Amino acid sequence: MSEQTHQFGLMEMSAIREMSNIGLGHATTALANMTGKSFNMEIPNVETVALEQVPLMMGNPEEVAVGICMPIDGDITGHTAFLFPWESAQDLWRMLIGTAPETPGDIDELAASVMLEIGNIVSSSFLNAISDMSNLKLHATPPMVSVDLVYTIAASIVAEAEMDEAIALALETRLYGMDDCATTGYFLCVPTLSGLNQLFRALGIAEAA
Amino acid sequence: MSTGTQLLVGMADIKVAKGPATFTCLGLGSCIGLVAFDEQADVWGMVHIMLPEAFKDKPVDKVGKFANTGIPAMIAEMEKLGANPSRMVMALAGGAQVFKFGSAASSRLDVGARNAEATLEILRGMRAKISAQDTGGSSGRTMIVKSDTGVVTVRTVHGGETELCCLRRGRRSVAA
């Protein structure tokens, strides 16, 4: 059995769920402002899972997706990432630059920089919201973009996260367009255990034994 | 079924089989897929390695996760089925850096390269016979091994499917 699925108390879990809900609300608004479309998101799923399970939690693992990964720096460390299935990524490109690459092989610097920018704005909004609530300093670091299978992208993020420090939990949600917009995406956040404990202290929640 | 057992080798998994089987390592990014085969015993093994080395200060939760624990564990499992390490031939794929866009992408600590390096070093230390290797680059790979033909194929999103090698010396026709 995995030793690394650290168990948190109800208090901790609901604090994480609430904070991520608010943080992702800000992130979703940022994406809506960028694209001029309405987005909604599901209540984030906060789970203490073994990291190697994460790549199977985000839609169809064999689907091609665009992944934007941003390591978090500051008082809390960890990784955040957005994954957009290929057709949703094409929707985003069309909304923002009026045209989209036809195949994953056609991505040029412009198309890549659009995704980097989405990552910047959306992840920064998420981190700013958490920072405002907790008074902790959080920095978004420069994003990186990959176009590959969902499984490949998620597994590579997870491996890097695990390299930093054994992980506590993953929070994951699906966001989707409203009305005429069918764009969907997945958000993933894997904070380090020490980063989470830092957050609990900042919020005045006793650390679970 | 002519293809035998279907074995999906997920992250940190070790799978072994004697007789007909198809092994699939889905979506290897920075991870490494390593397959080993002892033709005489007709025993196969595959491991999906996530990281180069187990953390010294932490218990190992899954031995297949690390190169330095996963490779010996896979070989031990194969030996239980009658394989002999000295007869094994191996092939590996993966170890990519899939985040290729972004100013930070090239300066990041490259888990993929380190995984490939660690795996090769361990294999060299064991004097293992490596038939083929497809590592590095920026494309994720899905590695598929069909035990009946011995053929190892690698599929990528960008480049389609190619045959990496055939681990059976006497390539035999597929039994129906």
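As the structure is a prediction and not an experimental result, all values here were calculated from the model. (Residues numbered from 1 in each chain as written. Chains lettered and ligands numbered in written order. Predicted model: local features only at pLDDT ≥ 70, side-chain atom pairs only at ≥ 80, totals over all residues. Heavy atoms only, no water.)

Chemist: I would appreciate a short explanation of the pattern of salt bridges in the present structure.
Modeler: Opposite charge on two side chains allows them to pair when their charged atoms are near. Applying the stated criterion to the full structure yields 12 salt bridges over all chains. Across the salt bridge formed by Asp 91 of chain A and Arg 94 of chain A, the nearest N and O atoms sit 3.4 Å from each other. Residue Asp 91 of chain A and its partner Arg 94 of chain A are both found in helix 2 (residues 86–97); the two are separated by three residues, about one turn of the helix. Given the relative accessible area of 44%, Arg 94 of chain A is considered partly exposed. Residue Arg 141 of chain B pairs with Asp 134 of chain B through a salt bridge whose shortest N-O separation is 3.1 Å. (Salt bridge = Lys/Arg side-chain N within 4 Å of Asp/Glu carboxyl O. Helix = DSSP H or I, 4+ residues; strand = E, 2+ residues; numbered from the N terminus. Buried < 20%, exposed > 50% of the residue type's maximum accessible area, 1.4 Å probe, protein only.)

Chemist: Is there a simple way to explain the sheet that holds strand 1 (residues 5–8) of chain B in this structure?
Modeler: Sheet strands line up and pair through hydrogen bonds in the backbone, either parallel or antiparallel. Residues and elements named next belong to chain B. Within the open sheet, the five strands sit side by side as 1-3-8-9-10. Their pairing is mixed. Edge positions in the open sheet fall to strand 1 and strand 10 (160–166), since each of these has one partner strand only. The sheet shows a mean angle of 20° between the axes of neighbouring strands, taken without regard to direction. With six bridges connecting them, strand 8 (residues 141–146) and strand 9 (residues 151–156) associate as antiparallel partners. (Pairing = 2+ DSSP bridges. Axes fitted to C-alpha atoms, helices over the stretch in contact; angles between N-to-C directions.)

Chemist: Sorry if this is basic, but what is going on with the confidence of the model for chain A here?
Modeler: When pLDDT is low, close inspection of the predicted coordinates is not appropriate. Put simply, chain A has an average pLDDT of 84, and 92% of its residues get 70 or more. When the elements of chain A are averaged for pLDDT, strand 7 (residues 170–177) of chain A gives the smallest value, 74, and strand 6 (residues 144–149) of chain A the largest, 93. (pLDDT = per-residue confidence, 0-100.)

Chemist: Help me understand the sheet that holds strand 7 (residues 129–135) of chain B, please; the structure alone is not making it clear to me.
Modeler: All names here are of chain B. Across the sheet, which stays open at both edges, the five strands sit in the order 2-5-4-6-7 with mixed pairing between neighbours. The outermost strands of the open sheet, each flanked by one partner alone, are strand 2 (14–18) and strand 7. In this sheet, adjacent strand axes meet at a mean angle of 10° when their direction is disregarded. The sheet contact formed by strand 2 and strand 5 (residues 43–49) spans five bridges and is antiparallel. Among the inter-strand pairings, Lys 15 is bridged to a residue of strand 5, identified as Met 46.

Chemist: Please explain the pairing of strand 8 (residues 184–191) of chain A as it appears in this structure.
Modeler: Each regular strand shows side chains that alternate between the opposite faces of the sheet. Judged by how many residues are buried, strand 8 of chain A sits mostly within the fold: eight of eight residues are covered. Judged by which residues are buried, strand 8 of chain A turns out to be covered on both faces: Thr 184, Tyr 186, Leu 188 and Val 190 of chain A on one side and Gly 185, Phe 187, Cys 189 and Pro 191 of chain A on the other are all buried.

Chemist: What should I look at first to understand helix 2 of chain A in this one?
Modeler: For the α-helix, the turn length of 3.6 residues means that residues three or four positions removed from each other point alike. Residue and element names in this part refer to chain A. For helix 2, built from 12 residues, the straight-helix expectation of 16 Å at 1.5 Å per residue is met to within 8% by its first-to-last C-alpha distance of 16 Å. Three or more residues of helix 2 are buried, namely Trp 86, Ser 88, Ala 89, Gln 90, Leu 92 and Trp 93. Looking one or two residues beyond helix 2, the residue adopting positive phi is Gly 98, at roughly 80°. (Expected span 1.5 Å × (residues − 1).)

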